[in-house]
Amino acid sequence: MVAEIGFGAIFITLIFTLYGIGAAIYGDRTKSQRWILSAHQVLKLVFPVMTISVGSLLYLLATDHFEVVYVADVSSRSMPLYLKLTALWGGQAGSLLFWSWLLAGFSSAVAFRKWDRDRDLLPWVIVVNLVTLAFFLVLNVFYENPFTRYWQDASGILVSFSRPEGAISVFPRDGGGLNPLLRHPGMIIHPPMQYLGFAGFIIPFSFAMASLIKKRSDDRWIRLSRGWTLWAWMFLSLGLVLGARWAYDVLGWGGYWGWDPVEISALMPWLTGTAYLHAVLIQEKRNMFKDWSLVLIILTYLLVIYGTFITRSGLLSSVHSFAQSRIGPIFLVFLTLTILVSAWLLSSRWKILRADHVLEQVLSREGLIIIGVVLFLGMLVASFWGVLFPILSELVTGQKVTVGPPFYERVAAPIMGGLLILMVLCPLAVWSIVSYKHLGRLLWKPFLVSLAGIALPLWGGYNRWPAVIAFWLVAFVLAVNFFEIIRRTRVRRKTEAESWGTALLHVLKRNQRSYSAMIVHIGVVLMALGIIGIEFFQTETQATLAEGQQLSLGSYTMTYEDLAVFDAPDARNVARAVVSVERDGRVLGELYPRRDFYYDSGQPVTIPGVRSTLLDDFYVILVDWKAVTSEGATFKVYHNPLVKWLWVGSLVFIAGVVFATWPGKKTNPRQER
Amino acid sequence: MSEYQEMEPTSRKRTPLKFIVGGLVIVAGIIFLIASSLKSTAQYFLTVDEALAKSQVGELEGRNIRVSGAVLGDSIEYDIDNLELSFTIAQVPADNQLLAEEGGLAQALHNAVTDQNRSHLKVIYHGPIPDLLKDEAQAILTGEMLPSGEFLADEILLKCPTKYEGAVPEQIDLEQE
């Protein structure tokens, strides 16, 4: 019964969306407010109705209804309730439903905003939102129905939603259980954040398309969707960072990012989304590069759809391919149609997108931003080429040739370097024209301070030259931002005769956008610090130890104390080692690397023991042990310098974005400098 | 360089030549970066058959390549003291159409493991034993062919296609509704 309700809700939403699309288009053509209003109501309704469907699936998961195929696939009796609920996005069909639900959430939310101005955009915002939603609902109804059930007739077990003739219901006693790798707090939050980020970009895209269709050349669509874009971007960034964290904590190879095809396809919309966020700044302030903003947001939307397709199609070999599927062709059709429609809209309106100004100087803020955008796009092209190259080379030469992490690392490192240089100049550059003399005056002090950024790591023994340059750039960005805040506070203090504290507060408040950008950039360079640390200076060793024996890596020494093997209540067998860690003769504490073996899926999961400080991580993996005699266990040990800054930096980054979206006194961007 | 101060007001429609040139230089730099990185890091992606054939004519000497195949469960050996892992993979076709003819990836992997006539390749790897390494898993290995005809892997990617979706649960109770 609940399955029928759940499926019925999806189906009704699909009918709604199809009606809404028609009503909005007809209403816009005939200028009939009644039809537009009707479509507007549909947009408000999609979220509540989809919630019924998601609620039904959650109920089935929570109450162990294993006759539903999806529940039997991803859940099992022994799982705790919170895992049963998060199994909603543990498999293909459920995650598509979850995706549609989030999308419906964004669509309904945008329907509820104040629509007293710019009503001409409304019908097309509705259409774009509903078309996207309809696409995902079609997948759920016709291809990946999460509510199909097991039946049995004379010929055997059948899988179908409605009862086949002559068949009886089948109730499996237990399900297969959630993939053990997904049973981790990071994995519980990572997919929703990633999906929220993906789904959120529908809003700026729908405003962009509406503005294009209506032949408007102003930047209203950007302003209207700015808050949405920032939130979507924040969720996408958070999703990527959480995924990295999960890999670091669970996958047990001492890394955080493997340039896996799925990681790349999640990174690509982030690259274009980030480029878009920067390009729109120029359009808002200088009314230039309108075409860039549009192309970038269209690319972002396409890459979001492509990313969902890659993550969910099982097309590529990767740690993320938990499923295989037949939804590939329909995704390609939808992508192609979107490309064609967007290209036609862009080309037929190209003339009205002409800029008001031209680029006057490279060192102006718009010049720097454009270089940044080009660098982001360069990384995008490299990523795309890395995915496409194997396919092309097979077509042309008949021989499959692939590229791995070394390719991406070699391309990404110089591009990251370029971005760091831009971040040094960014807080100092102003719009339109910069005087080199002025720039020099602002730069020399932070430059001197940044030299400490070379001295410190050299003193600590970190002396590979690409890393030293990177360390120096990180220090330079930090110093420039720090000096700039002090300088502006001092000016304010002088002119307004305020105390340091009040002056700082006023400065931050008065120009919320520019300071949130500073905070985000500081977050980025702190993350860069962590990446440099682990990429250039990771060391590792391995050994088999008897109890009481020691293993040294760098200045650390670990002692193997004990190992226990026991059954945990949720149907897993745990082998847990106790090792004590010391440095320079001082005992620092105990670590508990372990290996969980899940009976239902027959799969082990390796959980490292990590001692993490701002300076370095000591990361221990339990590789193997001699089960009966307990005479020895094998460990692999990593020393990861500075990696914690990756997580600290991402917190700063997120704080910066939240600060940017924080409702404050809205300053008119055109008057800002 | 202080030419900006005397800069003529430019025409409203055209971007000055120097920016176009500058932009092209950046774009060319990125293209060069991608092309040169590609050249030095691209790897052949081969099946077991192809890897054996190519290595016999000496085409793979000193080259980093990728090989895919099906893991033979019985062949997995792990030397705990040296963390040396060895196992054998069997030929699986890479072509999607051939895979479909065999009845999908899971079936193809099963066939590869049970069919005695498939060519085999012994793999050696130094490091922890991967969690997903088991019979009939699809292995994608990065590394190089040794003169001995074995494959020295430095990265192992594993996939077990049947595990989570589509398989009917084993214990099924039949109940009349």
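Conventions adopted
- Residues numbered from 1 in each chain as written.
- Chains lettered and ligands numbered in written order.
- Predicted model: local features only at pLDDT ≥ 70, side-chain atom pairs only at ≥ 80, totals over all residues.
- Heavy atoms only, no water.
- Phe/Tyr/Trp six-rings, centres within 6.5 Å; stacked < 30°, edge-to-face > 60°.
- Helix = DSSP H or I, 4+ residues; strand = E, 2+ residues; numbered from the N terminus.
- Lys NZ or Arg CZ within 6 Å of the ring centre and 35° of its normal.
- Patch = residues over 30% accessible without salt bridge, like charges linked within 9 Å, V, L, I, M, F, W, Y side chains within 5 Å.
- Areas by Shrake-Rupley, 256 points an atom, 1.4 Å probe, with all protein chains shown as cover.
- Salt bridge = Lys/Arg side-chain N within 4 Å of Asp/Glu carboxyl O.
- Lys, Arg positive; Asp, Glu negative; His and termini not counted.
- Charge placed at Lys NZ, Arg CZ, Asp CG, Glu CD.
- Pairing = 2+ DSSP bridges.
- Axes fitted to C-alpha atoms, helices over the stretch in contact; angles between N-to-C directions.
- Contact = heavy atoms within 4.5 Å.
- Domains from an automatic or database assignment.
- Buried < 20%, exposed > 50% of the residue type's maximum accessible area, 1.4 Å probe, protein only.
- Parallel < 35°, antiparallel > 145°, perpendicular 65-115°, else oblique.
- Left-handed = near helix turned anticlockwise from the far one by under 90°.
- Nonpolar A, V, L, I, M, F, W, Y, C, P; charged D, E, K, R; others polar.
- Expected span 1.5 Å × (residues − 1).

## Focus: the packing of aromatic side chains
Residues and elements named next belong to chain A. Counted according to the given criterion, the structure contains 38 aromatic pairs over all chains. A centroid spacing of 6.3 Å and a plane angle of 75° characterise the contact between F136 and F331, whose relative ring orientation is edge-to-face. Pair noted here: F136 is in helix α6 (residues 122-143) and F331 is in helix α12 (residues 328-348), with a separation of 195 residues, a long-range link. Every member of this aromatic cluster is reached through a ring pair, and the members are F47, W89, F98, W99, W101, F135, F136, Y195, F331 and F334. Across the ring face of F161, the terminal group of R149 is positioned such that the distance to the ring centre comes to 5.0 Å.

## What about a positive patch on the surface?
On the surface, K445, R490, R493 and K494 of chain A cluster together into a patch of positive charge. Among the elements that take part in the positive patch, helix α17 (residues 465-496) of chain A stands out by supplying three residues, more than any other.

## A short note on the sheet that holds strand β5 (residues 539-545) of chain A
All names here are of chain A. Reading across from one edge, β5-β14-β13-β12 is the order of the four strands in this open sheet, with antiparallel pairing throughout. The sheet is open, and its two edges are formed by β5 and β12 (609-612), each paired on a single side. Each adjacent strand pair in this sheet contributes to an overall mean axis angle of 15°, direction not counted. Across the sheet, helix α19 (residues 512-537) touches β5 and β14 (633-641), and the angle it forms with β14 is around 130°.

## Some thoughts on the domain arrangement of chain A
How big an interface is tends to be reported as the loss of accessible area on association of its parts. Domains assigned within chain A are domain 1 (1-146) and domain 2 (381-537 + 650-661). For domain 1 of chain A versus domain 2 of chain A, the distance between C-alpha centres works out to 40 Å.

## Description of the environment of P604 of chain A
Within the secondary structure layout, P604 of chain A lies in strand β11 (residues 603-607). Assessed through its relative accessible area of 14%, P604 of chain A is described here as buried. C-alpha of P604 of chain A to C-alpha of F142 of chain A: the two residues are 462 residues apart in sequence and 35 Å apart in space. Apart from the residues within four sequence positions on either side, P604 of chain A is in contact with R595, D596 and F597 of chain A together with D131 of chain B.

## Here's the deal with the packing of α6 of chain A against α12 of chain A
Residue and element names in this part refer to chain A. Axis separation between α6 and α12 bottoms out at 11 Å; the angle between their running directions is 165°. Taken together, the axis directions place α6 and α12 in an arrangement best described as roughly antiparallel. Read as a crossing pair, α6 and α12 show a hand that is right-handed. Every residue of α12 that contacts α6 at V131, T132, F135, F136, V138, L139 and Y143 is listed here: I330, F331 and F334. In the contact of α6 with α12, the residues fall into nine nonpolar, one polar and no charged.

## With respect to the packing of helix α5 (residues 92-111) of chain A against α6 of chain A
All names here are of chain A. Packing of α5 against α6 brings their axes to within 9 Å, and their N-to-C directions diverge by 165°. If you check the angle between α5 and α6, you find them roughly antiparallel. Here α5 runs over α6; the crossing is left-handed. Judged by residue contacts, A93, L96, L97, W99, S100, L103, A104, S107 and V110 of α5 engage V125, N129, T132, L133, F136, L137, L139 and N140 from α6. Considering only residue class, the contact of α5 with α6 consists of 12 nonpolar, five polar and no charged.

## Observations concerning helix α14 (residues 405-425) of chain A
An ideal rise of 1.5 Å per residue puts 30 Å on 21 residues; α14 of chain A measures up with 30 Å between its terminal C-alpha atoms. Turning to α14 of chain A, its buried residues number three or more, namely F407, Y408, V411, A412, I415, G417, L419, L420, L422, M423, V424 and L425 of chain A. Buried-residue contacts for α14 of chain A involve α10 (261-286), α13 (365-397), α15 (436-450), α17 and α19 of chain A together with α1 (17-41) of chain B.

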